[in-house]
Amino acid sequence: MFNNEDQKAVDALRVLSISQIEKANSGHPGLPMGAAPMAYVLWNKVLNTNPKNSKWINRDRFVLSAGHGSALLYSLLHLSGFNLSLDDLKEFRQVGSKTPGHPERMHTDGVEVTTGPLGQGVANAVGLAMAEKHLSKLYNKDDYKVMDHYTYALCGDGDLMEGVAHEAISLAGHLKLSKLILLYDSNDICLDGDLSTSFTENVEETFKACNWSYIKVEDGNNLEEILNAIEQAKSDNDKPTLIEVKTTIGYGSENEGTNKVHGSPIGADDFKKAKERYNWVDDDFVISDEIYKTFEQIQKRGKEENQKWDQMYDSYKKNYPDLAQELEDGFNRKLPENWLDKVKKYSPEDKAIATRASSHEILQDIAREIPTLWGGSADLFSSNKTDIKDTVAFRDESPEGRNVWYGVREFAMATIANGILAHGGSFHHVSTFLVFSDYLKSAVRVSALSKLPTTYVFTHDSIAVGEDGPTHQPIEQLAMLRSIPDTIVLRPADANEVRLSWKIALESKEKPVVIALTRQNVSNLEQTTKLDNIDKGAYIISDSDKKPEGILIATGSEVELALETKEILKKQGKDIRVISMPSMELFRDSGEDYIEELLPMDCKNIVSIEMGTSFGWGEFTGRNGLNISIDRFGISGEGSQVQKELGFTAEKIAEAYNKKFDK
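Here the residue numbering is sequential within each chain, running from 1 through the sequence in written order. Note on the predicted model: pLDDT of at least 70 is required for a residue's local features to be given, and 80 or more for side-chain atom pairs to be given and counted; whole-chain, interface and lining totals, by contrast, use all residues. Excluded from the side-chain calculation are hydrogens and water; included are all heavy atoms of the structure.

Points about the overall build of the protein
For clarity, the threshold we go by: Helical segments are the DSSP runs of H or I of at least four residues, strand segments are the runs of E of at least two, and each set is numbered from the N terminus. Note on classification: 1.4 Å probe, protein chains only; a residue is buried when its accessible area is under 20% of the maximum for its type, exposed when over 50%, partly exposed between these limits. The contact definition used throughout considers only heavy atoms, calling two residues in contact when any of these lie within 4.5 Å. For the area figures, the Shrake-Rupley method with a 1.4 Å probe applies, and any residue is considered shielded solely by the protein chains shown. Think of it this way: Lys and Arg go in the positive column, Asp and Glu in the negative one, and His and the chain ends go nowhere. Each charge is placed at NZ for Lys, CZ for Arg, CG for Asp and CD for Glu.
Along the backbone of the protein there are 25 helices and 20 strands. Taken along the three principal axes of its C-alpha coordinates, the protein extends 90 × 60 × 45 Å. Counting only residues that meet the buried cut, the protein has 62% of its 663 residues in that class. In the protein, the proportion of contacts linking residues at least 24 apart, taken out of those at least 6 apart, comes to 77%. If you sum the accessible surface of the protein, you get close to 25800 Å²; carbon and sulfur atoms cover 45% of it. The centroid of the 76 positive side-chain charges in the protein is displaced by 3 Å from the centroid of its 103 negative side-chain charges.

Here is the structure:
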């Protein structure tokens, strides 16, 4: 099946990748030189994607988990006909280019997910495969396979050493994601030297123990052997498949097979010798028409498959118009009209309720209105209360299920969710305790960088969790999450603010949203019953009678505490404004006029009240302000007693206010 033209195409990938790296004098040549054959076979002979319609929803997905090999991906995209020119490749790793150092979703045409932090791409691929499996069950009919494609990922030794990859691999095998195929660039070298210095795991037995099929390709330059392995993997309808491909890192370099070719340019002299090994005669960035013609196979196949799908989908829309509309709305992230009107509101007469519990009630209403909403928890459904009632768990036997039992795999859960959102077609939320957001912070960062509107629900959001003690009492986590660019963090004060927090999360198009919720009961506040939105991040929940003498800013459960503190200070003759600030980020973006309206510059007596670190609050309270906060770890004990011990009572806050400002 393969001939000399195919080999020239493989070498074109190698040379084009090295050319980018040499011109930039920066990059990782080892993977492109070693893995080019498997990448060529997959892309030009197998992958169903349409370079001229790169957002076709039924395309196969490809993830370069070993994102440091980005030059190879850019070479593939260019030669395959995506919107990436030779001039773009010449700007590899340069400011403002379409070819950044590691692949970035929404930045380069054809890049499915942002990769580079090792291991996360493996988990992203699991999410992509889960989304395909879920949507195919919801929308496919006997004669209409509207969602029917594969997910492929290329990983390296470093990926498989990362814990997040193992978490995701374990779950993928459990869920029997048979349309997931992982190609392992097995070259026995890591950045610092021989792989044997740090990794002697039996990869075959590891994957088999996780319920994966395993295939080994002994010669990573044998195109026929690689193709046969992929075809064999596609025939397995019961398990995901790992294809271990034995390669030589930096193949063609005088330093091939060593770590010297991993992360540095090989240099002009070595590049010249590599070209001689490849029998390459053209200059850098010069690709013959013959090679472009060889790569037309992927364009031809993709165009034909896309056209056949379009014809089938036109018929599907006529026979199943409601399902088709629902599917399209999911991919467009379009919400039903007036959906929020059908979501429960709360009044002060309703009993006090933890915001995690009101969120659960609200989520049921949302789920009835938005059928493409599903989500999961890291073995904490009973505590996070993020399960959807009247449905089953997402499993191999019930892929339509809307509750994903992620198990105690926080990091993988978040990176898998990023894959689900990158696939498109559904809304997805994940949940754990706020203190355990530490485990998955890197995934939230990638959500933001990738412009993925993943919803994170973090419950048990303060020291009020009580007896579990300082290991489970978050202190610095809110500040940590707020520090991530392009991320919206919401800490609602009561059930009505929870309702509007979910509105922000579901309406978000390109930003991840964190919703932090209480374990303890909070009152339903009179003032929130009239709220239509909290889109500006903060609002006056109780104003002063005249120009405010002082301002109390609070979030979450501490808003009620701020209102109680105001009453104490009012009896002492002080005219106080109380602001609920569910989101610093949204308030910061609300405009100078609105910020001045709530926090006038001439008011110096500003207090923040939040059961967490003071870090970040100075932006709003100023140099002369007061931060009622916790800059230490918590203590074990009953929740209300812990709060009292650490200074969170209205009496103690009023006393601190007077001590600070009565001078």
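The structure having been displayed, the exposition proceeds.
Some thoughts on the UniProt feature "site: Important for catalytic activity" (unreviewed entry) in the protein
Note the cut-off: UniProt positions are given in the numbering used here, feature names are shortened, and annotations may be inferred rather than shown by experiment.
When the UniProt feature table is mapped onto this chain numbering, "site: Important for catalytic activity" (unreviewed entry) sits at His28 and His262. Sequence-wise these annotated residues cover 235 residues; spatially they are packed, their C-alpha atoms never more than 5.5 Å apart. Its place among the elements puts histidine 28 in the loop between helix 1 (4–24) and helix 2 (30–46). Of the residues examined, histidine 28 reaches a relative accessible area of 14% and is grouped as buried.

A closer look at the side chain of lysine 566
Test applied: Just to be clear on terms, a salt bridge is a Lys or Arg side-chain nitrogen sitting within 4 Å of an Asp or Glu carboxyl oxygen. Counted as a polar contact is a pair of N or O atoms within 3.5 Å, where, for protein atoms, one must be capable of donating a hydrogen and the other of accepting one, and residues adjacent in sequence contribute only when both atoms are in side chains.
Following the sequence through the fold, lysine 566 ends up in helix 20 (residues 558–571). Although lysine 566 lies buried, it forms no salt bridge, and the closest oppositely charged side chain, glutamate 567, sits 5.5 Å away as judged by the N-O distance. Only 2.8 Å separates the side chain of lysine 566 from the side chain of serine 542, close enough to count as a polar contact. Once you skip the residues sitting within four places of it in the chain, lysine 566 turns out to touch Ser542, Asp543, Ser544, Leu552, Ile576 and Val578.

A few points about the packing of helix 12 (residues 296–319) against helix 13 (residues 321–332)
Helix-helix packing is characterised by the crossing angle of the two axes and by the distance between the axes. Stated precisely, the cut-off is as follows: Interaxial angle, 0 to 180 degrees, is taken between N-to-C directions of lines fitted to C-alpha atoms, where a helix line uses only the stretch in contact. Any angle that is under 35 degrees is reported as roughly parallel, and any over 145 degrees as roughly antiparallel; angles of 65 to 115 degrees are reported as roughly perpendicular and all others as oblique. Here the nonpolar group is Ala, Val, Leu, Ile, Met, Phe, Trp, Tyr, Cys and Pro; Asp, Glu, Lys and Arg are the charged ones; every other residue, Gly included, is treated as polar.
Relative orientation of the contacting elements helix 12 and helix 13 amounts to 120°, with a least axis distance of 5 Å. Taken together, the axis directions place helix 12 and helix 13 in an arrangement best described as oblique. Across the interface between the two elements, Tyr313, Tyr316, Lys317, Lys318 and Asn319 of helix 12 pack against Pro321, Leu323, Ala324, Leu327 and Glu328 of helix 13. Taken together, the residues that form the contact of helix 12 with helix 13 break down as 6 nonpolar, 1 polar and 3 charged.

Details of the domain arrangement of the protein
Often, the extent of an interface is quoted as the loss of accessible area on bringing the components together. As a reminder of what qualifies: Annotation comment: domain bounds sourced from an automatic or database domain assignment.
What the domain assignment lists for the protein is domain 1 (4–305), domain 2 (343–528) and domain 3 (539–662). Domain 1 and domain 3 are separated by 52 Å when their C-alpha centres are compared.

A closer look at the sheet that holds strand 18 (residues 576–580)
Put simply, the test is: For two strands to be treated as a pair, DSSP must find at least two bridges joining them.
One open sheet accounts for 5 strands, arranged 16-18-17-19-20; its pairing is mixed. Because the sheet does not close on itself, it has two edges, and the strands there are strand 16 (539–542) and strand 20 (626–628). When strand polarity is set aside, the average angle formed by the axes of neighbouring strands in this sheet is 30°. Across 4 bridges, strand 17 (residues 550–554) lies against strand 19 (residues 606–609) in parallel orientation. Directly across from leucine 552, in strand 19, lies its bridge partner valine 607.

Concerning the state of the cysteines
Applied cut-off: Working definition: a disulfide is two cysteine sulfur atoms within 2.5 Å of each other.
One pass over the full model with this rule turns up 0 disulfides. With no disulfide of its own, cysteine 190 has cysteine 155 as its nearest cysteine by sulfur position, at a separation of 15 Å. On the basis of relative accessible area, cysteine 190 is assigned to the buried category, the value being 14%.

What about helix 9 (residues 223–234)?
Stated precisely, the cut-off is as follows: An expected span of 1.5 Å times one less than the residue number is assigned to each helix. Relevant arc is that of directions from the helix axis to the C-beta atoms, nothing else.
Taking 1.5 Å of rise per residue, 12 residues should cover 16 Å, and helix 9 covers 17 Å from first to last C-alpha, within 8% of that figure. Turning to helix 9, its buried residues are Leu223, Ile226, Leu227, Ala229, Ile230 and Ala233. Angularly, the buried residues of helix 9 cover 160° about the axis, an arc narrow enough to put them on a single face. Next to the buried residues of helix 9 lie helix 1, helix 2, strand 2 (151–156), strand 3 (180–186), strand 6 (213–217) and strand 7 (241–246). In this structure asparagine 222 caps helix 9, since a side-chain oxygen of it lies 3.1 Å from the backbone nitrogen of glutamate 224.

Considerations on the pattern of salt bridges
A full pass over the atoms with the stated rule returns 30 salt bridges. The partner of arginine 59 in a salt bridge is glutamate 112, and the shortest N-O contact between them spans 2.8 Å. Of this pair, arginine 59 sits in the loop between helix 2 and strand 1 (61–64) while glutamate 112 sits in the loop between helix 4 (86–90) and helix 5 (120–139), and the two are 53 residues apart along the sequence. A single burial state applies to arginine 59 and to glutamate 112, both of which are buried. Linked through salt bridges whose partners overlap, the residues forming this network are Asp461, Arg482, Arg491, Glu558 and Glu610.

Structural notes on the sheet that holds strand 3
Spatially, the 5 strands line up as an open sheet ordered 1-2-3-7-6, and their pairing is parallel. Single-partner strands in this sheet number two, and they are strand 1 and strand 6. Taking the axes of each pair of neighbouring strands and ignoring which way they run, one obtains an average angle of 15° across the sheet. Packed onto the sheet, helix 2 meets strand 1, strand 2, strand 3 and strand 7 and runs at close to 155° relative to strand 3.

Quick notes on the nonpolar core
The cut-off we apply is this: By nonpolar core is meant a set of buried Ala, Val, Leu, Ile, Met, Phe, Trp, Tyr and Cys residues that side-chain atoms within 4.5 Å join together.
Within the largest apolar cluster, 74 residues are counted, with the highest numbers of intra-cluster contacts made by Ile366, Trp502, Leu506, Ile553, Phe587, Leu599 and Ile609. When residues of this core are assigned to their parent elements, the largest contribution, 7 residues, is made by helix 19 (residues 495–507). Taken domain by domain, the makeup of this core includes at least three residues from each of domain 2 (343–528) and domain 3 (539–662). Not counting residues up to four positions away in its chain, the partners in contact with leucine 599 are Ile551, Ile553, Ile579, Phe587, Ile606 and Phe620. Of all hydrophobic cores here, the second largest spans 65 residues; its members include Leu16, Ile189, Phe295 and Ile298.

Some details on the pairing of strand 17
The buried count for strand 17 comes to 5 of 5 residues, which makes it a mostly enclosed element. Burial of strand 17 is two-sided: the residues Gly550, Leu552 and Ala554 facing one way and the residues Ile551 and Ile553 facing the other way are all buried. Note that strand 17 and strand 18 share 5 bridges and pair parallel. Bridge assignment links isoleucine 551 to a residue of strand 18, and that residue is arginine 577.

Quick notes on the environment of phenylalanine 92
Looking at the element boundaries, phenylalanine 92 is found in the loop between helix 4 and helix 5. On the basis of relative accessible area, phenylalanine 92 is assigned to the buried category, the value being 1%. The sequence separation of phenylalanine 92 and tyrosine 74 amounts to 18 residues, and the corresponding C-alpha distance is 9.0 Å. Filtering out sequence-adjacent residues up to four positions away, phenylalanine 92 remains in contact with Gln20, Ile21, Ala24, Ser26, Gly27, Ser70, Ala71, Tyr74, Thr99 and Pro100.

Brief notes about the UniProt feature "binding site: thiamine diphosphate" (unreviewed entry) in the protein
Here the UniProt feature "binding site: thiamine diphosphate" (unreviewed entry) sits at His68, Gly116, Pro117, Leu118, Gly158, Asn187, His262 and Phe436. These residues run over 369 residues, and the two farthest C-alpha atoms among them are 34.9 Å apart, placing them at more than one spot. Counting through the fold element by element, glycine 116 comes out in the loop between helix 4 and helix 5. Its relative accessible area of 19% is what places glycine 116 among the buried residues. For glycine 116, the residues in contact, after removing those within four places along its chain, are Ser65, Gly67 and His102. Tracing the backbone through its elements, the reader meets glycine 158 in helix 6 (residues 157–161).

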